[in-house]
Amino acid sequence: LRVKGYSDPYDGGSGTWYYDSSDQTANVSAYPNLFIAPSSDLTGSSGCWRLVTQDAIPAVSYGVGVSKDPNFNKSVLEQIVAYNKGYRTVSLPARTIVCRSLVFNYDPNFLGSFGAIASINGGLGTAFLFSDKDTDGTTSVTESCIKVTPSNETTGRMTGLCMRFVSIIGKEGINGLTTFS
């Protein structure tokens, strides 16, 4: 199934999806934005729709950067990183990606577009726009904008944080939210 966009034709989220008829219960449960169960079986036991990917995982095909919902972008990016575990490059769109925060247990291995000049209305290149407000616009949050913790808490071993050609900006300005942990 070839789609022309994520939510609208030519919005950048085009891609080719195929139906995997094997039992995908575990993937649908863990990564519901990546493995799309049919409406006739929301568990994925009879299969699910999966994006055809090559060397890189195109995050925009899952709606990242198309959606302006910070919680949606957070959810999808965290699912991509958890599923990928840093093995393949995650290609980010040349857009401003609105997020509240991102928490990873693995290296995200993000590759953005060079030359980020971004604002809340978009721009050139790839940028994360973090806000210290919840989606209701009033509730202040105090979590770090990007937090990477070891995938193996026993050894505490972390492979690193790879984000190439990505700018990070804070919607309310630099006020403590744009720190890394």
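Note: the structure precedes this text.
Since we're looking at a predicted model, the values are computed, not measured.

A. Main features of the overall build of the protein. A count of helical and extended segments in the protein gives two helices and 14 strands. Looking at the protein residue by residue over its 181 residues, the buried ones come to 40%. Split by element, the accessible area of the protein, about 9,300 Å² in all, is 53% carbon and sulfur.

B. Spatial organisation of the packing of aromatic side chains. Inspection of every chain in the model, using the stated rule, returns nine aromatic pairs. Aromatic side chains Y6 and F72 sit 6.0 Å apart centroid to centroid with 40° between the ring planes, which places their arrangement in the tilted category. Remark: F72 occurs in helix α2 (residues 70-84) and Y6 occurs in the loop between β1 (2-3) and β2 (15-20); sequence separation between them is 66 residues. Taken together, the ring pairs in this structure connect F104, F110, F128 and F130 into an aromatic cluster.

C. The side chain of D107, seen in detail. Among the structural elements, D107 can be located in the loop between β7 (102-104) and β8 (110-111). Buried within the structure, D107 lacks any salt-bridge partner; R164 is the closest side chain of opposite charge, at an N-O distance of 7.8 Å. Within polar-contact distance, the side chain of D107 engages the backbone nitrogen of C162 at 2.8 Å.

D. Broad picture of the sheet that holds strand β3 (residues 48-51). Taken together, three strands build an open sheet; the order of strands is β1-β2-β3 and the sheet is antiparallel. Every interior strand has two partners, whereas the edge strands, β1 and β3, have only one. Where β1 and β2 come together, two bridges link them in antiparallel fashion. Looking at the pairing, V3 lines up with G15 of β2.

E. Local environment of α2. Spanning 15 residues, α2 covers 21 Å between terminal C-alpha atoms, matching the ideal 21 Å at 1.5 Å per step. Structurally, the start of α2 carries an N-cap: the backbone nitrogen of N71 is 2.9 Å from a side-chain oxygen of D69. Directly beyond the C-terminal end of α2, a positive phi value near 55° is found at K85.

F. Layout of the pattern of salt bridges. Overall, the coordinates contain two salt bridges when judged by the stated rule. Across the pair R50 and D20 runs a salt bridge whose closest N-O atoms are separated by 3.0 Å. Highlighted residues: R50 in strand β3 and D20 in strand β2, separated in sequence by 30 residues. You'll find R50 and D20 in the same group, each marked buried. For the salt bridge of K74 with E78, the shortest nitrogen-to-oxygen distance reads 2.7 Å.

G. Structural view of unusual backbone geometry. With phi around 65°, Y10 is a residue other than glycine that occupies positive phi space. With respect to the element layout, Y10 can be found in the loop between β1 and β2. A relative accessible area of 64% means that Y10 is categorised as exposed. Phi is positive for K85, which is not a glycine, with a value near 55°. Within the secondary structure, K85 sits in the loop between α2 and β5 (89-91). For K85, a relative accessible area of 34% gives the class partly exposed.

Cut-offs applied
- Residues numbered from 1 in each chain as written.
- Predicted model: local features only at pLDDT ≥ 70, side-chain atom pairs only at ≥ 80, totals over all residues.
- Heavy atoms only, no water.
- Helix = DSSP H or I, 4+ residues; strand = E, 2+ residues; numbered from the N terminus.
- Buried < 20%, exposed > 50% of the residue type's maximum accessible area, 1.4 Å probe, protein only.
- Areas by Shrake-Rupley, 256 points an atom, 1.4 Å probe, with all protein chains shown as cover.
- Phe/Tyr/Trp six-rings, centres within 6.5 Å; stacked < 30°, edge-to-face > 60°.
- Lys, Arg positive; Asp, Glu negative; His and termini not counted.
- Salt bridge = Lys/Arg side-chain N within 4 Å of Asp/Glu carboxyl O.
- Polar contact = N/O pair within 3.5 Å; in protein donor to acceptor, adjacent residues only side chain to side chain.
- Pairing = 2+ DSSP bridges.
- Expected span 1.5 Å × (residues − 1).

Coordinates in, geometry out; function isn't part of it.
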